Amino acid sequence: MNENRPDQHPDDQPDDQWESEMSSEFDRRVRDLRESPLTFEHVRGRAVSIKRRRRTVVAASLVAAAAVITPVAVAAGGGFGSDRSNDAPVATQTPTAIDSETPAPPEPAGPGFAYLQDGDLHRADGTVVTLPGDYTSATDLGDRVVAVSQADNGDTVVDVVEDGAVVDSYSASNPPIVSVTGTYVVFMTPDGDLQTVWDDGQKVIAEGYDPEVQSPMVATGDDCTVDCRVFLYEYKVDPIEVNQDGRESSPAPGTLNVTSATSEGDLLVVATRVLEDDLTGCNALWDPAEQRAVIPETCDYRFLEVSPDGRYLLAGDPQADGFGNTWVSVLDTDLNEVGRLEVEGTSFPNVRFLDDDTIIATAYDGAWTVITQDVGGEPTTVLGPEPGEDLDPPFVLAD
């Protein structure tokens, strides 16, 4: 073995002697560290495992400290055996162990639908907007919320709310109708203006109507800057369609009313007649472009709504007597039942499509709940139960 002369620098020592002394010193220093039973050979064999296992983060920090201290001490002392106790200690820094595999906390998930409760609008994403008044309904348009209340004289008041404050207020002859896409609202003012509001704009698309006998019932399109279609009801007159430029047309001649539409407005649910008992209504599914019935008139069901993509219909009891619907069928365009919402002792006052394949309903059985159900699936309670009277629900679905 080569002799270790006092004037020989550690870098000039033979590799085997360097490694031997390195191993001995490293092993000694690791043993001296608090709560560290590891040897150099053990550390070397477990290096990869230490990086990957969260439970050994503390040990990894200690080993890293030893790895920093050892070569600094060797370089400063001229060798492993040198006595430099009178020299000032060399400053060292222990690196911080970082667990790069710890997942970020999940973002809060919302209910997937909006509703109004105790003066607050609970948005579909889970955020809550406190509204500046006592409102009976609200529509979330994104940057804006359209909220509805009743004045002391019974008039309908429509407020446009931004950042919690009212920026516009209108009187209306009827509560606003929300477009099928949920992106704008339309209502008629007492002066006969057909007023629309969306997330960053508003527009009177037509005027000169009689609010005593005419009212908007259904609306399609994203907003009224480029393309929107509003369907008006008028007693004993064919329905009227009004577009964003105020142009009128007759979408369903010979029918009584348009009650629902697809998001594109290419299919309409229309009321065709009322039977002599004044309780049973008949309806059809109508193609306004072809001016014909896709599903001929039926009096066996009352069509409540067509799905946004036109594949399904919600249908209830044609007599529509009593509080809400005691059952709701989901029909395809051949009138085959592909799903059914029915719970014993429960009424469903408000039922609609949440999306193309899901229905949502408020339900009352002495208490109030909100229920969702996939087409062909089983009902799931997603809100409630909350106590309340049958005509005073604690929460209202917001379109």
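The structure under discussion appears in the preceding block.
**Re the pattern of salt bridges**
Side chains that differ in charge, positive against negative, can pair when their charged atoms come close.
Link 1 in the chain: Per the counting criterion, the structure on display carries 8 salt bridges.
Link 2 in the chain: Of the charged contacts, one joins Asp140 and Arg123 as a salt bridge, the two residues approaching to 3.0 Å between their closest N and O atoms. Taken together, the residues span a long stretch of sequence, with Asp140 in strand β4 (residues 137-140) and Arg123 in the loop between β2 (120-122) and β3 (128-130) at a distance of 17 residues.
Link 3 in the chain: Here Arg340 ties to Glu337 by a salt bridge, and the two come within 2.9 Å at their closest N and O atoms.
Link 4 in the chain: Several salt bridges converge on common partners, so that one network encompasses Asp309, Arg311 and Asp357.

**Considering the packing of aromatic side chains**
Link 1 in the chain: In the structure shown here, the tally under the stated rule is 6 aromatic pairs.
Link 2 in the chain: With a centroid separation of 6.3 Å and 90° between ring planes, the pair formed by Phe323 and Trp368 is classed as edge-to-face. Of this pair, Phe323 sits in the loop between β21 (312-316) and β22 (328-332) while Trp368 sits in strand β26 (residues 367-374), and the two are 45 residues apart along the sequence.
Link 3 in the chain: Residue Phe323 is classed as partly exposed on the basis of its relative accessible area of 30%.
Link 4 in the chain: Note on Trp368: relative accessible area 3%, which makes it buried.
Link 5 in the chain: One aromatic cluster is present, formed by Phe113, Tyr115 and Phe395 through successive ring pairs.

**Quick notes on the sheet that holds strand β27 (residues 380-387)**
Link 1 in the chain: Read across the open sheet, the 4 strands follow the order β24-β25-β26-β27; overall the sheet is antiparallel. Both outer strands of the open sheet, β24 (347-355) and β27, are each paired with one neighbouring strand and no more. Recorded for the sheet is a direction-independent mean angle of 15° between the axes of neighbouring strands.
Link 2 in the chain: Direction of pairing for β26 relative to β27: antiparallel, over a ladder of 5 bridges. Bridging from a neighbouring strand, Val370 pairs with Leu383 of β27.

What counts, and where the lines are drawn
- Residues numbered from 1 in each chain as written.
- Predicted model: local features only at pLDDT ≥ 70, side-chain atom pairs only at ≥ 80, totals over all residues.
- Heavy atoms only, no water.
- Salt bridge = Lys/Arg side-chain N within 4 Å of Asp/Glu carboxyl O.
- Helix = DSSP H or I, 4+ residues; strand = E, 2+ residues; numbered from the N terminus.
- Phe/Tyr/Trp six-rings, centres within 6.5 Å; stacked < 30°, edge-to-face > 60°.
- Buried < 20%, exposed > 50% of the residue type's maximum accessible area, 1.4 Å probe, protein only.
- Pairing = 2+ DSSP bridges.
- Axes fitted to C-alpha atoms, helices over the stretch in contact; angles between N-to-C directions.

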